[in-house]
Amino acid sequence: MKAIVIGSGLGGLLSAAKLSGSGYEVEVFERLPITGGRFTNIDIKGYQLSTGALHMIPHGPTGPLAQLLREVNADVTIEREDGMAFMRIFEDIGNNIYEDVPFAKFGKVFSLWNRIKLAFLMITTRKNTPKNCSFAEWLSKHLDTPLAYQMADAFCGWALSLKAEDVPAEEVFEIFENLYRYGGPGVPIGGCKAVTDALADVVRNNGGTIHTEKEVTEIITEDGKAIGVIIDGKQHPADLVISNIGHHYTNDLCKGEETDAEYQKYLDRVKAIKPSAGAKICLAASEPLIGHGGVLFTPSARRVNGINEVTNIDPKLAPQGKHLVMAHQTTKWERIPYLEDEIDLGIKDLEEIFAGKDYEIILTQSHYNGWPVNRSSSGSDIGNTTPIEGLYVVGDGAKGKGGIEVEGIALGVKNTMNLILG
Ligand code: FAD
């Protein structure tokens, strides 16, 4: 059996590794000269920046991605510093007076009454997940403090690149459940590239082939079944086609299905998928600015949602003795035309958060349209199947429920592999 994978991002490579290790002949076609998509490194002045992700795996060495990497024998080490996520709560921004409150104890900043309500809600929502409202709407019903919104926006902005008003409460509680189940974030040693390179090695060791600079221009279908792809005008037959480019772009490659009623229903669901956008500001520092390898959420900031300093876990991600610090901020779609202003506000945030510290901005990046933070924002995923038999979608355009970012990719790939391999 032959499988063709369109795209060599994390989702495509995980699928290729699993299928090539399960007896499939696998060919991966990537349009860029490099593999890894939004999960690989860019070397700038010896700092290992990235094409997308902030070198963080949301559930570290115990989450769904780590489990899948082990399952396919990918040689990756993920390290986690336990308990290392904090909310920076400012008492006086001008005078730089703040407290870094451990994430697990964030409720301590609330009034006694709100703390009691929070403890009650934590228990009841686990049994009775709120439905049909956003996380912000759910909060407004239960906690009467602006700080709760700011914290929710910081968490959703960092973890999902969304405002709390744009995520279904149900999805956020599923994510919290996964945080209890799998634990907090970790950093892959060597950064994102170490993960996607290890997967590419697995594919090749299993006899699979990865072609770069090969753009798939059409998915060939016959009687409602995917039977191959077209590249440079040439047909490449296959029994299975796995697309790593999201439902929207996958549909653009399928010609002649539009008249089918089932396909029309699918298209309506595809149209409802919303991507998430954001921006990243990368700093080089001579001294640690955070001092731990976890996340610093910044609820008081204008734009920045959170910051990490991955060199506390893997010093090789920066030149010797230096630190790499990355700040992330979500961007609402209506603010995309004003991205420069958005990034300027993020830079101002960092000037306040790191007042008096010595650092240099080495890169700012914005992510939207064809290179977003997520092709399908959390809560708008529609699954891995398509109405075309033998055509599946993997990656962050088809994440599993409650899966933050790459953990959602791993859950989606697992789901797809269960459908294909049983
Ligand atoms: P992609 O990486 O986009 O791979 C798809 C590949 O398909 C690309 O290489 C593309 O070139 C190729 N392609 C497209 N069209 C074609 C075609 N027609 N033919 C052939 N090839 C094609 N996630 C985390 O877990 N932790 C983080 O810290 C984190 N931070 C992030 C910060 C930012 C700023 C961004 C942008 C993302 C972040 N993410 C994070 C999300 C994570 O990076 C992505 O979810 C993940 O990398 C997406 O992988 P993918 O396989 O879905 O798609």
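Values in this document were obtained by computation on a predicted structure and should not be read as measured data. (Residues numbered from 1 in each chain as written. Predicted model: local features only at pLDDT ≥ 70, side-chain atom pairs only at ≥ 80, totals over all residues. Heavy atoms only, no water.)

Q: Explain the packing of aromatic side chains to me, please; I cannot follow it from the model alone.
A: Any two aromatic rings considered together are summarised by their centre-to-centre distance and by the angle between their planes. This structure, assessed with the given rule, holds 14 aromatic pairs. A connected cluster of aromatic rings, assembled from ring pairs, spans Phe-103, Phe-106, Phe-110, Phe-135, Trp-138, Phe-155, Phe-173, Phe-176 and Phe-297. The cationic tip of Arg-88 hangs over the ring face of Tyr-98; the distance from NZ or CZ to the ring centre is 3.7 Å. Of note, Arg-126 hangs over the ring of Tyr-180, and the distance from its end group to the ring centre comes to 4.2 Å. (Phe/Tyr/Trp six-rings, centres within 6.5 Å; stacked < 30°, edge-to-face > 60°. Lys NZ or Arg CZ within 6 Å of the ring centre and 35° of its normal.)

Q: I'm lost on helix α11 (residues 405-421) in this one. Help?
A: Since the α-helix turns once every 3.6 residues, residues separated by three or four places project in the same direction. With 17 residues, α11 extends 24 Å between its outermost C-alpha atoms, agreeing within 8% with the 24 Å of an ideal straight helix rising 1.5 Å per residue. The secondary structure elements touched by the buried residues of α11 are α1 (10-20), α2 (64-71), α5 (146-160), β13 (240-243) and β19 (391-393). Once α11 ends, the next one or two residues include Gly-422, with phi positive near 80°. (Helix = DSSP H or I, 4+ residues; strand = E, 2+ residues; numbered from the N terminus. Expected span 1.5 Å × (residues − 1). Contact = heavy atoms within 4.5 Å.)

Q: I keep staring at the environment of His-328 and nothing clicks. Help me out?
A: You can see His-328 is positioned in strand β17 (residues 323-331). Its relative accessible area of 6% is what places His-328 among the buried residues. Along the backbone, His-328 and Gly-37 are 291 residues apart, and their C-alpha atoms lie at a distance of 19 Å. Setting aside chain neighbours within four positions, we find His-328 in contact with Leu-54, Gly-157, Trp-158, Ser-161, Gly-278, Ala-279, Val-304, Asn-305, Gly-306 and Val-373. Polar contacts involving the side chain of His-328 include one to the main-chain carbonyl oxygen of Ala-279, which spans 3.4 Å. (Buried < 20%, exposed > 50% of the residue type's maximum accessible area, 1.4 Å probe, protein only. Polar contact = N/O pair within 3.5 Å; in protein donor to acceptor, adjacent residues only side chain to side chain.)

Q: Is there a simple way to think about the site of the ligand in this case?
A: Close to the ligand lie 35 residues; Glu-30, Arg-38, Met-56, Arg-375 and Asp-396 are nearest. In this structure, a nitrogen atom belonging to the ligand sits 3.1 Å away from a main-chain N or O atom of Arg-31. The backbone of Ala-53 places a nitrogen or oxygen atom 3.4 Å from an oxygen atom of the ligand. Contributing elements (two or more residues each) for the shell around the ligand: α1 and α11. The leading source of residues in the shell around the ligand is α11, at three residues. (Near = heavy atom within 4 Å.)

Q: Just to check I follow, could you spell out the pattern of salt bridges for this structure?
A: Oppositely charged side chains may form a pair once their charged atoms are brought near each other. Scanning the model with the defined rule gives 20 salt bridges in all. Lys-332 is paired through a salt bridge with Glu-165; the nearest N and O atoms lie 2.7 Å apart. With Lys-332 in the loop between β17 and α10 (339-353) and Glu-165 in the loop between α5 and α6 (169-182), the pair connects residues that are 167 residues apart, well separated along the chain. Owing to a relative accessible area of 44%, Glu-165 belongs among the partly exposed residues under this scheme. Of the charged contacts, one joins Lys-265 and Glu-262 as a salt bridge, the two residues approaching to 3.3 Å between their closest N and O atoms. Here Lys-265 and its partner Glu-262 are both found in helix α9 (residues 261-271), three residues apart, which amounts to about one turn of the helix. The exposed category is assigned to Lys-265, whose relative accessible area is 54%. Overlapping salt bridges, with partners in common, bring together Lys-131, Glu-170 and Lys-401 in one network. (Salt bridge = Lys/Arg side-chain N within 4 Å of Asp/Glu carboxyl O.)

Q: Looking at this structure, I do not really get the nonpolar core. What am I missing?
A: Nonpolar side chains in soluble globular proteins generally cluster together in the buried interior. The biggest cluster of nonpolar side chains holds 47 residues, and the ones touching the most others in it are Phe-135, Trp-138 and Phe-297. Sorting elements by how many residues they give to this core places α5 first, with 10 residues. Setting aside chain neighbours within four positions, we find Trp-138 in contact with Leu-121, Thr-125, Pro-130, Cys-133, Ala-169 and Phe-173. Counting 39 residues, the second largest nonpolar core, distinct from the first, contains Leu-19, Leu-65, Leu-199 and Ile-242. (Core = buried A, V, L, I, M, F, W, Y, C linked by side-chain atoms within 4.5 Å.)

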